[in-house]
Amino acid sequence: ATEDLQLDYAVFPEGKEIALAPVGPVLSFRQLADQLQVRDAKGAQPFQEGLAGKRLWGISLLTLACLGFFIGATGKSAQLPLYVWLPDAMAGPTPVSALIHAATMVTAGVYMVARLNIIFSLSPTASGVVACVGALTALFAASIGFFQYDIKKVLAYSTVSQLGFMFIGVGVGAYWAGIFHLMTHAFFKACLFLGSGSVIHGMHAVQHDPDKAQDMRLMGGLGKVMPLTRKTYLIACLAITAAPIPFFAGFWSKDEILWKAFTTASTGWMPGPLIYAMGLVAAVGTSFYMWRSYYLTFEGEPATKDIPKKVHESPPVMTYVLAVLAFLATVSGLLFGFSMHFLGGHGEPLLEEWLHPALQHAQVAFEPHGLGLELGLMALSVGLAVFAWSAAKKRYGADRPKDWEAREQRIGAFKLLNNKYYVDEIYQATVIRGVLALRLVCRDLDKWVVDGIVNATGWITRGVAFVNGAIDKYLVDGAVNLVADVTLRAGARLRKLQTGRIQSYAYGLLGGVAVLALIQYFVRYYAR
């Protein structure tokens, strides 16, 4: 199809002629991909080389474009440092939280990077930034989840962390794996959020304060009175942590991302094994805080005696949805992510094959490694996740000590993590305070400068209008009125000459003749 592609040409300042664009508009990503693959007679790719050679401020134009896109994605998909809005968004109704956090809005940035794979794959520097920010976000948000007590806040920071994993996937060049985790995350995170909503719905019978109804310290033992909610939450925890039972949805997508991070050769300055190590630690943290939330909510003794009496299972309209999501969180990973490669055969996972037409032109590379290393790293990931699960069970399980909260708060990093690294306070003291101060400055600027200029202009305009009015009234109108008055007075005086009597006119005529005769006499006399 590319052989018939007609190209326009232009000469750049360095004198190198390169292909610019196909005749007519570029209608799709696929056409752009085809254009990037066009080779000249010598085998070079002039359009791609021309893009790579363009620089602005000494930086590759492609890198700047990709970083510009990614800055938007950090805000849209809650990556460092623009993540703080997402935990605040969980304050809304739980079904809305499930939609926002699991499937729709926050994943748009991940989709954008994956869809622009053609461009991002041409800039290893930008891809390294994407992967690095994703890994830092996954690790940072996971650590915050360790010591939160609001069940929805734990899930909110879990979402931030899982979005970090998605960006690791698209950053290292495993675009299909990032989208795969986006899909599996939608199932188990929606199940977790709606499960927490079911818990909160039951806790309202005991705690009428909304904040207390979400506090896991006031729960405990809910598994006995809410068995279906407990089972679906348990399955969702298995899906997101892959511990102690692997092969649920998150196991396939997250481990594929970690494997691709370990073997990537497409992140430029950011080494793949370092990204892998950060992602692995974040995965271990995910296992710890998610099982902590499960045990504090559903296991152990109830925090109050009213829980067994007043709390009951949610109605079927809620629990049936949880069952469907739990089923999808169980089978979707195996259905879309399993590859015969693990059994020594050939063939790619179903989702990767389905996305192949949109991703086939991405120029990414991965280091070749044997199946044994891949299975070994997979076993390491599962083993560490199981270790984190066992630690969470020992500390927060059904036999947890009664003073578990006091012990937790004696941990050195508790205050820092419980207060979320004071990031919200830092934003409040800097950005928000600065914006509010700027608001006051803008208010005074508007009041004294802008309004002052407008008011001064009004005063000057009124003064000029007053002077113009006075000139018009006393000078222009005065002159006109004076002429009219003189004319009227002259007319009034001259009117007296017109008596209407013939003898008066005869006397006047004779008098005039006499005057003229006298004038003529004197003129002649003096002329001699």
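First, a word on scope: everything that follows refers to the structure included in this document. Because the structure is predicted, anything quoted here is derived from the model rather than measured.

What counts as what
- Residues numbered from 1 in each chain as written.
- Predicted model: local features only at pLDDT ≥ 70, side-chain atom pairs only at ≥ 80, totals over all residues.
- Heavy atoms only, no water.
- Phe/Tyr/Trp six-rings, centres within 6.5 Å; stacked < 30°, edge-to-face > 60°.
- Helix = DSSP H or I, 4+ residues; strand = E, 2+ residues; numbered from the N terminus.
- Buried < 20%, exposed > 50% of the residue type's maximum accessible area, 1.4 Å probe, protein only.
- Polar contact = N/O pair within 3.5 Å; in protein donor to acceptor, adjacent residues only side chain to side chain.
- Contact = heavy atoms within 4.5 Å.
- Axes fitted to C-alpha atoms, helices over the stretch in contact; angles between N-to-C directions.
- Parallel < 35°, antiparallel > 145°, perpendicular 65-115°, else oblique.
- Nonpolar A, V, L, I, M, F, W, Y, C, P; charged D, E, K, R; others polar.
- Salt bridge = Lys/Arg side-chain N within 4 Å of Asp/Glu carboxyl O.
- Left-handed = near helix turned anticlockwise from the far one by under 90°.
- Expected span 1.5 Å × (residues − 1).
- Bend = angle between axes of the 7 residues up to and from the residue.

Pairs of aromatic rings are described using the distance from one ring centre to the other and the angle between the two planes. Throughout the structure, instances matching the rule amount to 24 aromatic pairs. Aromatic side chains Tyr83 and Phe140 sit 5.6 Å apart centroid to centroid with 70° between the ring planes, which places their arrangement in the edge-to-face category. Placement of the pair is Tyr83 in the loop between α3 (61-76) and α4 (85-89) and Phe140 in helix α8 (residues 124-144), with a sequence separation of 57 residues. Across this residue pair, the class does not change: Tyr83 and Phe140 are buried.

Looking at the secondary structure, you find Ser293 in helix α15 (residues 272-298). Judged by relative accessible area, Ser293 falls into the buried class, the value being 0%. Reaching out from Ser293, the side chain makes a polar contact with the backbone oxygen of Met290 at a distance of 2.6 Å. If we ignore the near neighbours within four places in the chain, the residues touching Ser293 are Val154, Met216 and Tyr233.

Before going further, it helps to spend a moment on unusual backbone geometry. Residue Pro81 follows Leu80 across a cis peptide bond; omega there is 0°. Inspection of the secondary structure puts Pro81 in the loop between α3 and α4. Note the cis peptide between Ala243 and Pro244, where omega equals -5°. Mapped onto the fold, Pro244 is located in the loop between α13 (227-241) and α14 (249-263). Of note in the backbone geometry, Tyr422 takes a positive phi value of approximately 60° without being a glycine. Topologically, Tyr422 is positioned in the loop between α21 (414-418) and α22 (423-495).

Let us look at the packing of α3 against helix α6 (residues 108-115). Their axes nearest at 8 Å, the elements α3 and α6 cross at an angle of 155°. When the interaxial angle is binned, α3 and α6 end up roughly antiparallel. Between α3, through Phe69, Phe70, Ala73 and Lys76, and α6, the contact on the second element is made entirely by Ala108, Gly109 and Met112. Among the residues forming the contact of α3 with α6, the class breakdown is 5 nonpolar, 1 polar and 1 charged.

A few words on the pattern of salt bridges. For the structure on display, the rule yields 7 salt bridges. As a salt-bridge pair, Asp485 and Arg489 come within 3.2 Å of each other at their nearest N and O atoms. Placement of both Asp485 and Arg489 in helix α22 is noted, with a separation of 4 residues, approximately one turn of the helix. Several salt bridges share partner residues, and in doing so they unite Asp215, Arg217 and Glu405 into one network.

With that out of the way, let us pick up the packing of helix α9 (residues 151-171) against α15. It is the contact of α9 with α15, at a shortest axis distance of 11 Å, that shows an interaxial angle of 160°. Compared by their axis directions, α9 and α15 come out roughly antiparallel. Note that α9 runs across α15; the crossing there is left-handed. Here Ile151, Val154, Leu155, Ser158, Ser161, Gln162, Phe165 and Ile168 of α9 come into contact with α15, specifically with Ile275, Gly279, Ala282, Ala283, Thr286, Tyr289, Met290, Ser293 and Thr297. Partitioned by chemical class, the residues of the contact of α9 with α15 number 10 nonpolar, 7 polar and no charged.

With that out of the way, let us pick up α22. Between its first and last C-alpha atoms α22 spans 100 Å; for 73 residues at 1.5 Å apiece the expected length is 108 Å, and the two agree. Its maximal kink placed at Gly452, α22 deviates by approximately 40°.

Remember that the coordinates give geometry; whether it matters functionally is a separate question.
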